[in-house]
Amino acid sequence: MSLSASNLQNLKPAFDRLLRWYQQNARDLPWRQTQNPYFIWVSEVMLQQTQVNTVIPYYHRFLQRFPDVFSLANADDEALMALWQGLGYYARARNMRAAAQQMCELYGGELPSSQAELIKLKGFGPYTSAAVASIAFGQKAACVDGNVTRVISRLLATTEPVQQFVDRLIISHDPSHFNQSLMELGATVCSKQSPRCSACPLSSACRAFQEERIAEFPVKKKKVLVKEIYAAVFIPHQPDTPFPLRKRPASGRWAHLYELPTFEFESARARAAFLKDLPHHAQANEKGAFAHILTHQRIMTQVFSAHIASILDLPSTPWTPSQFATLDTVRALPLSRYQQKVLDIIERPE
Ligand code: SF4
């Protein structure tokens, strides 16, 4: 499918209605009350993979601690991770700091205003660079996220990638409001499962709605293969005993975050064999279990109290602590949500 000049002209009234709808219905969100490019950038990064309501308190705390590009460029790793703790995808925060350092070196601590310059910075992909360029600087850069893909593929009843269409549609509209109105419509009206077409400003132009083919768009992505991992985490029998800790490696899942003694296995059987072979004096005693779900992995975890020195001495699976800390100190360190769940088990009443 291609968008001819007359198709574009026909869609213009529908998009004018969308922009009016946005002005009347946009949610009152803190990052919509600012034109500060740095604040807009922070919000856009936090909103990736994360719900709006979750992001709001993180956004305020982050900007209180790092109010500008310079403070973020100089952020201490532990302070940065502590503020990001619970948002997940921790590489996003470290990439932001690296990009802030580039902005200090190359642009005097400011964000560059064009998508072409933004996209060269660490962590800026096509989406983030277009969002910042259009919302903060009014550039004609089209943002395509999951919400926009859903709206445009239904509007045009197309199975093709939608970036090319949005690039053409944005030309005759205010880019900031055009992008935000499409994203808002996808987030609040044109939902995946139950779009509210009767309340939609695009309904009279929407081919999928008119042809009753909404469920066909957008085309479903292939199902992601989820790998199962089995884990055992050990804590001391007495919660007032110092807990052994180490930082995870610099790359991969939960890079540089702290963890308690955690052992991972390919199968439930391998974990059971490991537990069976523990020496008697390790006195492992199960405290609880949980499943932690990531995009590509499901980590089935059992938490044990144990004679911790015996666990650390195991020759077959060496786990070397870098430090010991009280439970209160552990809580205050940068931890993944996964390790926080372990602490929840330790702290819940028997
Ligand atoms: Fe989505 Fe329905 Fe609006 Fe079409 S009419 S864009 S399917 S909400």
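A few points on the structure. (Residues numbered from 1 in each chain as written. Predicted model: local features only at pLDDT ≥ 70, side-chain atom pairs only at ≥ 80, totals over all residues. Heavy atoms only, no water.)

## Here's the deal with the pairing of strand E1 (residues 227-236)
Inference 1: Burial of E1 is extensive: eight of the ten residues sit out of reach of the surface.
Inference 2: Where E1 and strand E6 (residues 297-306) come together, ten bridges link them in parallel fashion. Within E6, the residue paired with Glu-228 across the bridge is Arg-298.
Inference 3: Across four bridges, E1 lies against strand E4 (residues 262-265) in antiparallel orientation. Residue pairing in the sheet places Val-233 in a bridge with Thr-262 of E4. (Buried < 20%, exposed > 50% of the residue type's maximum accessible area, 1.4 Å probe, protein only. Helix = DSSP H or I, 4+ residues; strand = E, 2+ residues; numbered from the N terminus. Pairing = 2+ DSSP bridges.)

## Description of the nonpolar core
Inference 1: Counting residues in each nonpolar core, the largest one holds 99 residues, and the members touching the most others are Tyr-38, Trp-41, Phe-62, Leu-72 and Ile-152.
Inference 2: Ranked by residue count, the leading element in this core is helix H8 (residues 126-137), at seven residues.
Inference 3: In contact with Trp-41, other than residues within four places in its own chain, are Leu-72, Met-96, Ala-99, Ala-100, Met-103, Leu-111, Phe-124, Thr-128 and Val-132.
Inference 4: Membership of the second largest hydrophobic core comes to 15 residues, among which are Ala-232, Phe-265, Ile-311 and Trp-319. (Core = buried A, V, L, I, M, F, W, Y, C linked by side-chain atoms within 4.5 Å. Contact = heavy atoms within 4.5 Å.)

## A closer look at the pattern of salt bridges
Inference 1: Considering all chains together, one arrives at 17 salt bridges under this definition.
Inference 2: The salt bridge involving Lys-227 is made with Glu-266; its shortest N-O contact spans 3.7 Å. Placement of the pair is Lys-227 in strand E1 and Glu-266 in the loop between E4 and helix H13 (268-276), with a sequence separation of 39 residues.
Inference 3: One salt-bridge network, in which partners are shared between bridges, spans Arg-207, Glu-211, Arg-213 and Glu-216. (Salt bridge = Lys/Arg side-chain N within 4 Å of Asp/Glu carboxyl O.)

## Considerations on the packing of aromatic side chains
Inference 1: Under the counting rule described, the total for this entry stands at 14 aromatic pairs.
Inference 2: Relative to Phe-66, the ring of Phe-62 has its centre 5.3 Å away and its plane inclined at 65°; by these criteria the two rings are edge-to-face.
Inference 3: Taken together, the ring pairs connect Phe-234, Phe-263, Phe-265, Phe-274 and Phe-304 into an aromatic cluster. (Phe/Tyr/Trp six-rings, centres within 6.5 Å; stacked < 30°, edge-to-face > 60°.)

## A few points about the packing of helix H9 (residues 146-155) against helix H11 (residues 175-188)
Pairs of packed helices are described in terms of their axes, by the angle between the two and the distance that separates them.
Inference 1: Running from amino to carboxyl end, H9 crosses H11 at an angle of 85°, the nearest separation of the two axes being 8 Å. With respect to their mutual orientation, H9 and H11 come out roughly perpendicular. Residues Asn-147, Val-148, Arg-150, Val-151 and Ile-152 of H9 lie in contact with H11, whose contacting residues are Leu-182, Met-183, Leu-185, Gly-186 and Ala-187. (Axes fitted to C-alpha atoms, helices over the stretch in contact; angles between N-to-C directions. Parallel < 35°, antiparallel > 145°, perpendicular 65-115°, else oblique.)

## Quick look at the sheet that holds E1
Inference 1: Strand order in the open sheet formed by four strands is E4-E1-E6-E5, and the pairing between neighbours is mixed. This sheet does not close on itself; its edge strands, each paired only once, are E4 and strand E5 (285-293). Each strand of the sheet is rotated relative to its neighbour by a mean of 20°, with strand direction disregarded.
Inference 2: Helix H16 (residues 337-347) contacts E1, E4, E5 and E6 of the sheet and is inclined by roughly 150° relative to E5.

## Here we look at the pairing of E5
Inference 1: Two elements, E5 and E6, share eight bridges in a ladder whose sense is antiparallel. Of the residues in E6, the one forming a bridge with Phe-290 is Thr-301.
Inference 2: In sequence, E5 turns back onto E6 through a hairpin of three residues.

## What about the site of the ligand?
Inference 1: Near the ligand you find Arg-154, Cys-190, Pro-195, Cys-197, Cys-200, Ser-203, Cys-206, Phe-209 and Ile-214, and these make up its full shell.
Inference 2: Considering only residue class, the shell around the ligand consists of seven nonpolar, one polar and one charged. (Near = heavy atom within 4 Å. Nonpolar A, V, L, I, M, F, W, Y, C, P; charged D, E, K, R; others polar.)

## Notes on the side chain of His-292
Inference 1: Tracing the chain through its elements places His-292 in strand E5.
Inference 2: Side-chain polar atoms of His-292 contact the side chain of Lys-341, separated by 2.9 Å.
Inference 3: Look past the residues within four positions of His-292 in its chain and what remains in contact with it is Trp-254, Gln-297, Arg-298, Ile-299, Arg-337, Tyr-338 and Lys-341. (Polar contact = N/O pair within 3.5 Å; in protein donor to acceptor, adjacent residues only side chain to side chain.)

## Describing the side chain of Gln-302
Inference 1: Mapped onto the elements, Gln-302 comes out in strand E6.
Inference 2: Exposure remark for Gln-302: the relative accessible area of 17% places this residue in the buried category.
Inference 3: Within the structure, Gln-302 has its side chain in polar contact with the side chain of Arg-271 (distance 3.0 Å).
Inference 4: Not counting residues within four places of it along the chain, the set of residues in contact with Gln-302 comprises Ala-231, Ala-232, Val-233, Arg-271, Leu-275, Glu-286, Gly-288 and Ala-289.

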